[in-house]
Amino acid sequence: MSSNLAVAADKSPSPLEFTPARQPRQRRSHAAYERMIDAAGRLLEERDFDAVSIRDLAGAAGCSIGSFYYRFENKERFFLILIQDMIDRRDKDVAETFKTVPLQELPSALARGALTNYRVYKGMLRSVIKKHLEGMRSWEPISLMGRRIMTQFQRRVVESRGVELTALEAERIDFAFVWLYGLLAQSLLELNTIYGMETAFFEEEAVKAFTQAVERALQRDERS
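Reading the values: rules and limits
Residues numbered from 1 in each chain as written. Predicted model: local features only at pLDDT ≥ 70, side-chain atom pairs only at ≥ 80, totals over all residues. Heavy atoms only, no water. Helix = DSSP H or I, 4+ residues; strand = E, 2+ residues; numbered from the N terminus. Buried < 20%, exposed > 50% of the residue type's maximum accessible area, 1.4 Å probe, protein only. Contact = heavy atoms within 4.5 Å. Areas by Shrake-Rupley, 256 points an atom, 1.4 Å probe, with all protein chains shown as cover. Axes fitted to C-alpha atoms, helices over the stretch in contact; angles between N-to-C directions. Left-handed = near helix turned anticlockwise from the far one by under 90°. Parallel < 35°, antiparallel > 145°, perpendicular 65-115°, else oblique. Nonpolar A, V, L, I, M, F, W, Y, C, P; charged D, E, K, R; others polar. Core = buried A, V, L, I, M, F, W, Y, C linked by side-chain atoms within 4.5 Å. Phe/Tyr/Trp six-rings, centres within 6.5 Å; stacked < 30°, edge-to-face > 60°. Lys NZ or Arg CZ within 6 Å of the ring centre and 35° of its normal. pLDDT = per-residue confidence, 0-100.

Engineer: Whenever I open this one, the overall build of the chain confuses me. Can you help?
Structural biologist: In terms of regular secondary structure, the chain is built from 10 helices and zero strands. Listing every helix and strand of the chain by position from the N terminus yields α-α-α-α-α-α-α-α-α-α. In the chain, which comprises 224 residues, the share counted as buried stands at 46%. A sequence separation of at least 24 residues applies to 72% of the contacts in the chain between residues at least 6 apart. As displayed, the chain offers around 12,400 Å² of accessible surface, 50% of which is attributable to carbon and sulfur atoms.

The structure is reproduced here in structure tokens:
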């Protein structure tokens, strides 16, 4: 199951379409908007999104139900906005990583960043996976995000080398990223009951395995 989620981007899916939330114009309104987003994250640590009511969300955020409907219209649209909010934050972190981290340290930094993202949003991501398996296709934007990160890394390698990747190198880098995301999804669903993603051992071994996979992918065959 996690493998299907990890490779969904290979099928060139269309991202989910929805109208953005009404953007708050005043500082007070923006604070209420952020409280609703944060409240959802806390509630999803305890239960599935389908088990969280609008009353629960508004109460946890200290806002009125009317305020929720004004900004998000309904629960389904709010769920899509939660996904996009996570993607926007992750894209921002990744952009900073590519800007500040040297190439040789990028695989480790990207792996740790992905793990941190899964840890922070684990409750929401479980609900996303569940809805995806129910036919909502909610994982597709996240798959596309992973594909963008992998493509950025490949471009960075090409810029550093000054030559294009071979087809085999590109395929091996692709596999390394798919493996990492698959491992995280598997741990997210608690299919691995021995080492959870919260442990330091899991982090160090996952980062090491991913880094080694990328390094092997970029080793030129002297016979070629």
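Engineer: Explanation requested: the packing of helix 8 (residues 140–161) against helix 9 (residues 167–188) in the structure shown.
Structural biologist: What describes two packed helices is the angle between their axes and the distance between those same axes. Between helix 8 and helix 9, the least distance of the axes is 10 Å, while the angle of their chain directions is 140 degrees. Seen along the crossing, helix 8 lies across helix 9 with a hand that is right-handed. Only Glu169, Ala170, Ile173, Asp174, Phe177 and Tyr181 of helix 9 make contact with helix 8, whose side of the interface consists of Gly146, Arg147, Ile149, Met150, Phe153, Gln154 and Arg161.

Engineer: Got a minute to help me understand the packing of helix 5 (residues 75–100) against helix 8 in this structure?
Structural biologist: Across the interface, helix 5 lies against helix 8 with an axial gap of 10 Å and an inter-helix angle of 10 degrees. One finds that helix 5 runs roughly parallel with respect to helix 8. The residues of helix 8 that touch helix 5, namely those facing Ile83, Met86, Ile87, Arg90, Asp91, Val94 and Phe98, are Pro141, Ile142, Met145, Arg148, Ile149, Gln152, Phe153 and Arg156. Taken together, the residues of the contact of helix 5 with helix 8 break down into 10 nonpolar, one polar and four charged.

Engineer: Teacher, can you tell me more about the nonpolar core here?
Structural biologist: Soluble, globular proteins show a tendency: their nonpolar side chains are buried together. By size, the foremost hydrophobic cluster in this structure holds 63 residues, and its most contacted members are Phe78, Leu125, Ile142, Phe153 and Phe177. Looking at this core, the element that brings in the most residues is helix 5, giving 10 residues. Excluding its chain neighbours within four sequence positions, the residues that come into contact with isoleucine 142 are Ile83, Met86, Ile87, Leu125 and Val128.

Engineer: Teacher, can you tell me more about the packing of aromatic side chains here?
Structural biologist: Centre distance and the angle of the planes are the two values used to describe a pair of aromatic rings. Scanning the entire structure with this criterion turns up nine aromatic pairs. Geometrically, the ring pair formed by phenylalanine 177 and tyrosine 181 is tilted, given 6.2 Å between the ring centres and 50 degrees between the ring planes. Linking phenylalanine 177 with tyrosine 181, this pair stays in helix 9, spanning four residues, or about one helical turn. For the pair phenylalanine 177 and tyrosine 181, one class covers both residues: buried. Pairwise contacts between aromatic rings join Tyr33, Phe68, Tyr69, Phe72 and Phe78 into one cluster. For the cation-ring pair, lysine 75 lies above phenylalanine 49, with the distance from its terminal atom to the ring centre recorded as 4.8 Å. Against the face of phenylalanine 79 rests lysine 131, its NZ or CZ located 5.5 Å from the ring centre.

Engineer: Honestly, the confidence of the model for the chain in this entry has me stumped. Any pointers?
Structural biologist: The predicted structure's coordinates, where accompanied by low pLDDT, should not be read in detail. Counting all residues, the mean pLDDT for the chain is 86, and 84% of those residues have values of 70 or more. In this model, residues 1–15 is a region of pLDDT below 50 whose contacts with residues beyond four sequence positions or in other chains number 25 contacts. In the model, residues 18–22 has pLDDT below 50 throughout and makes 16 contacts with residues more than four positions away in sequence or in other chains.

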